[in-house]
Amino acid sequence: EFESVKAKRSELFLDAFGHIDNALKTIYTDMTKSSKHPLGGNAYLSLDDDTDEPFNGGLKFNAMPPMKRFRDMEQLSGGEKTVAALSLLFAIHSFRPAPFFIMDEIDAALDNINLRKVCNYIRRRSQSDFQCIVISLKDMFYEQAEALVGICRDAGMNSSRTITLD
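Computed from a prediction, not measured in an experiment: that's the story for all the values here.

### Quick word on a nonpolar patch on the surface
Turning to step 1, where the next piece is worked out: Together, Phe100, Ile102, Ile133 and Ile135 make up an exposed nonpolar region whose accessible area comes to about 380 Å².
Turning to step 2, where the next piece is worked out: Following the sequence through the fold, Ile102 ends up in strand β3 (residues 100–104).

### Description of the pattern of salt bridges
Turning to step 1, where the next piece is worked out: Overall, the coordinates contain 5 salt bridges when judged by the stated rule.
Turning to step 2, where the next piece is worked out: Here Lys25 makes a salt bridge to Asp21, at a shortest N to O gap of 3.3 Å. Of the two residues, Lys25 and Asp21 are both situated in helix α1 (residues 2–32); the distance of 4 residues between them amounts to about one turn of the helix.
Turning to step 3, where the next piece is worked out: A relative accessible area of 34% means that Lys25 is categorised as partly exposed.
Turning to step 4, where the next piece is worked out: Arg123 serves as the salt-bridge partner of Glu146, at 3.8 Å between the closest nitrogen and oxygen. One end of the pair, Glu146, is in the loop between α4 (139–144) and β5 (148–154); the other, Arg123, is in helix α3 (residues 112–126), and 23 residues separate them in sequence.
Turning to step 5, where the next piece is worked out: Here Arg123 falls in the partly exposed class, since its relative accessible area comes to 27%.

### Section: the packing of helix α2 (residues 78–95) against α3
When two helices pack together, their arrangement is given by the angle between the helix axes and by the axis-to-axis distance.
Turning to step 1, where the next piece is worked out: With their axes 11 Å apart at the nearest point, α2 and α3 run at an angle of 10 degrees to one another. Taken together, α2 and α3 sit at an angle that is classed as roughly parallel. Crossing geometry of α2 relative to α3 is assigned as left-handed. Where α2 approaches α3, its residues Val83, Leu86, Phe90 and His93 are matched on the opposing element by Asn114, Val118, Tyr121, Ile122 and Arg125.

### Thoughts on the environment of Ala109
Turning to step 1, where the next piece is worked out: Within the secondary structure, Ala109 sits in the loop between β3 and α3.
Turning to step 2, where the next piece is worked out: Ala109 gets classed as partly exposed once you look at its relative accessible area, which sits at 40%.
Turning to step 3, where the next piece is worked out: The spatial distance from the C-alpha of Ala109 to the C-alpha of Gly78 is 5.4 Å, given a sequence separation of 31 residues.
Turning to step 4, where the next piece is worked out: Not counting residues within four places of it along the chain, the set of residues in contact with Ala109 comprises Gly78, Gly79 and Thr82.

### Considering the pairing of β3
Turning to step 1, where the next piece is worked out: Residues Phe101 and Met103 line the buried face of β3, whereas the alternating positions Phe100, Ile102 and Asp104 sit on a face that is not buried.
Turning to step 2, where the next piece is worked out: Pairing between β3 and strand β4 (residues 131–135): 5 bridges, direction parallel. Looking at β4, one finds that Phe100 is bridged to Gln131.
Turning to step 3, where the next piece is worked out: Where the polypeptide runs from β3 across α3 and back to β4, its parallel neighbour, the crossover connection is right-handed.

### Here's the deal with the layout of surface pockets
Turning to step 1, where the next piece is worked out: Here the largest pocket defines a volume of roughly 790 Å³.
Turning to step 2, where the next piece is worked out: As for the largest pocket, its lining consists of 24 residues, of which Ile133, Val134, Ala145, Ala147 and Leu148 are closest to the centre.
Turning to step 3, where the next piece is worked out: At the level of elements, α3, β4, α4, β5 and β6 (159–165) are the ones that each hand at least two residues to the lining of the largest pocket.
Turning to step 4, where the next piece is worked out: In terms of residue count, the dominant contributor to the lining of the largest pocket is β4 (5 residues).

### Observations regarding the state of the cysteines
Turning to step 1, where the next piece is worked out: On inspection of all chains with the given rule, the structure shows 0 disulfides.
Turning to step 2, where the next piece is worked out: Considering cysteine sulfurs only, Cys119 is the nearest to Cys132, which forms no disulfide, with 10 Å between them.

### Brief notes about the nonpolar core
Turning to step 1, where the next piece is worked out: Counting residues in hydrophobic clusters, the biggest one holds 30 residues, and the most contacted among them are Met31, Phe90 and Val118.
Turning to step 2, where the next piece is worked out: A total of 7 residues in this core trace back to one element, the largest contributor, which is α1.
Turning to step 3, where the next piece is worked out: Sequence-distant contacts of Val118, defined by excluding residues within four places in its chain, comprise Met31, Val83, Leu86, Ile106, Leu110 and Phe141.

### Here's the deal with the packing of aromatic side chains
Turning to step 1, where the next piece is worked out: Throughout the structure, instances matching the rule amount to 5 aromatic pairs.
Turning to step 2, where the next piece is worked out: Ring geometry for Phe13 against Phe17: centres 6.2 Å apart, planes inclined by 25 degrees, an arrangement best described as stacked. A residue pair is termed a helical-turn pair when its members lie 3 or 4 positions apart in one helix, as Phe13 and Phe17 do in helix α1 at 4 residues.
Turning to step 3, where the next piece is worked out: Overall, Phe13 belongs to the partly exposed group, its relative accessible area being 23%.

Basis of the calculations
Residues numbered from 1 in each chain as written. Predicted model: local features only at pLDDT ≥ 70, side-chain atom pairs only at ≥ 80, totals over all residues. Heavy atoms only, no water. Patch = residues over 30% accessible without salt bridge, like charges linked within 9 Å, V, L, I, M, F, W, Y side chains within 5 Å. Areas by Shrake-Rupley, 256 points an atom, 1.4 Å probe, with all protein chains shown as cover. Salt bridge = Lys/Arg side-chain N within 4 Å of Asp/Glu carboxyl O. Helix = DSSP H or I, 4+ residues; strand = E, 2+ residues; numbered from the N terminus. Buried < 20%, exposed > 50% of the residue type's maximum accessible area, 1.4 Å probe, protein only. Axes fitted to C-alpha atoms, helices over the stretch in contact; angles between N-to-C directions. Parallel < 35°, antiparallel > 145°, perpendicular 65-115°, else oblique. Left-handed = near helix turned anticlockwise from the far one by under 90°. Contact = heavy atoms within 4.5 Å. Pairing = 2+ DSSP bridges. Right-handed = clockwise from strand over helix to strand, strands pointing away. 1 Å grid on protein atoms, 1.4 Å probe; cavity = no way out; pocket = protein on both sides within 12 Å on 5 of 7 lines; lining within 4 Å. Points joined across faces, edges and corners; volume = space filled by probe spheres on them. Disulfide = S-S within 2.5 Å. Core = buried A, V, L, I, M, F, W, Y, C linked by side-chain atoms within 4.5 Å. Phe/Tyr/Trp six-rings, centres within 6.5 Å; stacked < 30°, edge-to-face > 60°.

As far as function goes, none of this settles anything; it's purely spatial.
See below:
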């Protein structure tokens, strides 16, 4: 019985891993495409050598932005890491979807070009796949939003107030 549970656990993990890896490739490519780089970048997951026990080893996440050579994730810029991390997040979401995301200042490290790509991707996906609440201080997210909620301090009442624009 132990061996059957062990085999089932491994099967379920590898199914999830395969789905997330395939989704990651598509999502990262979509998020990094541009008119200058119509093929986008490449991202993938890989397991360490032990395929009999995938839980004993680690897994490696690699992302190669368009027109850049392969390098470790640590060597990517903050914006490139952000796009890669969001791609992985959305790939995991595609396996076990949640009804909505709350994302806090995911745009902090993004330049305007990558910010526009992320905004457009979230906008497209939120029309069919999920709802998003994004906390941001950047105008570009405001422009793409279906509704805006502002929070400000009310000194007279010594509290916070919300302002909605939709």
